[in-house]
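Descriptive analysis of the structure
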Amino acid sequence: DGSYTLRYAATAGATVHISVTARSTLGARTLAVRRANNTNLHAFGGADFAAAASATQDVLVTYSSDEAEAFNIFDQAVLAFDWLHYHLNATAPAALTLRWHRNNNDGTYYSDNEVFLLGPLSDDDGYDDTVILHEIGHHVEEAIGRSDSPGGDHAFEPVDPTLAWSEGFSTWFALSMRKSPWYSDTDSSGGWGWEYDDSVTVFDGGSLSGLISEDVVTETLWDLS
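Residues numbered from 1 in each chain as written. Predicted model: local features only at pLDDT ≥ 70, side-chain atom pairs only at ≥ 80, totals over all residues. Heavy atoms only, no water.

**Concerning the overall build of the chain**
Of the regular secondary structure elements, the chain holds 4 helices and 11 strands. Principal-axis analysis of the C-alpha atoms gives the chain an extent of 75 × 40 × 30 Å. A fraction of 61% describes how many contacts in the chain between residues 6 or more apart in sequence connect residues 24 or more apart. Carbon together with sulfur atoms contributes 51% to the accessible area of the chain, which is approximately 12200 Å² in total. Once the 10 positive and 34 negative side-chain charges of the chain are each reduced to a mean point, those two points are 14 Å apart. (Helix = DSSP H or I, 4+ residues; strand = E, 2+ residues; numbered from the N terminus. Contact = heavy atoms within 4.5 Å. Areas by Shrake-Rupley, 256 points an atom, 1.4 Å probe, with all protein chains shown as cover. Lys, Arg positive; Asp, Glu negative; His and termini not counted. Charge placed at Lys NZ, Arg CZ, Asp CG, Glu CD.)

And the structure:
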């Protein structure tokens, strides 16, 4: 329920506060959410209160603090790593850093054990769970499986099969984490979404080496799983 019991040593009446940090140092999920333009961790400090033998304090990370999305991003990473731990017995996956801050325009992508997420008001991915989990899916593919993807542009059109596999697998991973066939990406105009359970994308590549849409991969993996 989000409640914790903390024990601390402080002089009665001394002013203290609770600080929460978007980081896990557990071997099963070594994660950190940092700013996209430096190494600073995202954290939030609660209101001051007087130290006492017993005290109850609510720590509400507000949207106006510019830190709330960082903790949602962290929650999605915890969900993914716990899934890896329990279902694939991945006891110590490679550490993952997720980078976001308000107004970050660097883009949303994955590179070398790091996920980068957009943060401008026009297209903030901090609450787009399927987008976050899709990028984490690339980390899963690289750190636990194998990736031959050449990278590059992709927008659901037929592309190189290795690129289609990587993107399609990562989208399937995001859907699996949420147990829903819906993928969505919001922005200031509303955004877009796609449902992968009933949709059918025709494969017209002609051969195993022919061009293929990532949607074919996602739809097939969703049906199989």
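**Comments concerning the packing of aromatic side chains**
In this structure the tally under the stated criterion is 7 aromatic pairs. For the ring pair Y109 and F116, a centre distance of 4.7 Å and an interplane angle of 10° mean the geometry is stacked. Judged by its relative accessible area of 10%, F116 falls in the buried class. Ring pairs connect the aromatic residues W83, W165, F169, W172 and F173, which therefore count as one cluster. For R102, the ring lying beneath its charged end belongs to Y63, and the centroid distance is 4.5 Å. (Phe/Tyr/Trp six-rings, centres within 6.5 Å; stacked < 30°, edge-to-face > 60°. Buried < 20%, exposed > 50% of the residue type's maximum accessible area, 1.4 Å probe, protein only. Lys NZ or Arg CZ within 6 Å of the ring centre and 35° of its normal.)

**Some thoughts on the pattern of salt bridges**
According to the stated counting rule, one finds 7 salt bridges in the structure shown. A salt bridge links R29 to D82, with the shortest nitrogen-to-oxygen separation between them at 2.9 Å. In this pair, R29 is assigned in strand 4 (residues 29-34) and D82 in helix 1 (residues 68-87), connecting sequence segments 53 residues apart. Taking the shortest distance from any N to any O, the salt bridge between D66 and R102 comes out at 2.7 Å. Separated by 36 residues along the polypeptide, D66 in the loop between strand 6 (49-50) and helix 1 and R102 in the loop between strand 7 (96-99) and strand 8 (109-111) bring together distant segments of the chain. Accessibility expressed as a relative area gives 32% for D66, which makes it partly exposed. The structure contains a network of salt bridges with shared partners spanning D66, E69, R102 and D124. (Salt bridge = Lys/Arg side-chain N within 4 Å of Asp/Glu carboxyl O.)

**Some points on helix 4 (residues 214-224)**
Burial analysis of helix 4 places 8 of its 11 residues in the buried class, which makes it a mostly covered element. All buried positions along helix 4 are accounted for by E214, D215, V216, V217, T218, E219, L221 and W222. Considering only its buried residues, helix 4 is in contact with helix 3 (161-178) and strand 11 (192-195). Residue S213 occupies the N-cap position of helix 4, its side-chain oxygen lying 3.0 Å from the main-chain nitrogen of D215. (Polar contact = N/O pair within 3.5 Å; in protein donor to acceptor, adjacent residues only side chain to side chain.)

**Description of the environment of G107**
As for its position among the elements, G107 is in the loop between strand 7 and strand 8. By relative accessible area, G107 is classed as buried at 15%. A sequence separation of 46 residues divides G107 from V61, and the C-alpha atoms of the two residues are 25 Å apart. Ignoring sequence-local partners within four residues, the contact set of G107 consists of F116, L117 and L118.

**A closer look at the nonpolar core**
Within soluble globular proteins, side chains that are nonpolar generally end up buried alongside one another. If you look at the biggest cluster of nonpolar residues, it comprises 41 residues, and the most contacted ones within it are L96, L98 and I136. Elements supplying a minimum of two residues to this core: strand 4, helix 1, strand 7, helix 2 (129-143), helix 3 and helix 4. Take this core: its biggest share by element is 9 residues, from helix 1. (Core = buried A, V, L, I, M, F, W, Y, C linked by side-chain atoms within 4.5 Å.)

**Some words on the side chain of H138**
Inspection of the secondary structure assignment puts H138 in helix 2. Using a relative accessible area of 9% as the deciding quantity, one classes H138 as buried. Side-chain polar atoms of H138 contact the side chain of S166, separated by 3.3 Å.

**Some thoughts on the pairing of strand 3 (residues 23-26)**
Sheet topology places strand 3 next to strand 4; 4 bridges connect them, and they run antiparallel. Bridge pairing in strand 4 links S24 to L31. (Pairing = 2+ DSSP bridges.)

**Observations concerning helix 3**
Look at helix 3: 26 Å from first C-alpha to last across 18 residues, which is about the 26 Å you get at 1.5 Å a residue. Immediately downstream of helix 3, the backbone of K179 shows phi near 55°, a positive value. (Expected span 1.5 Å × (residues − 1).)

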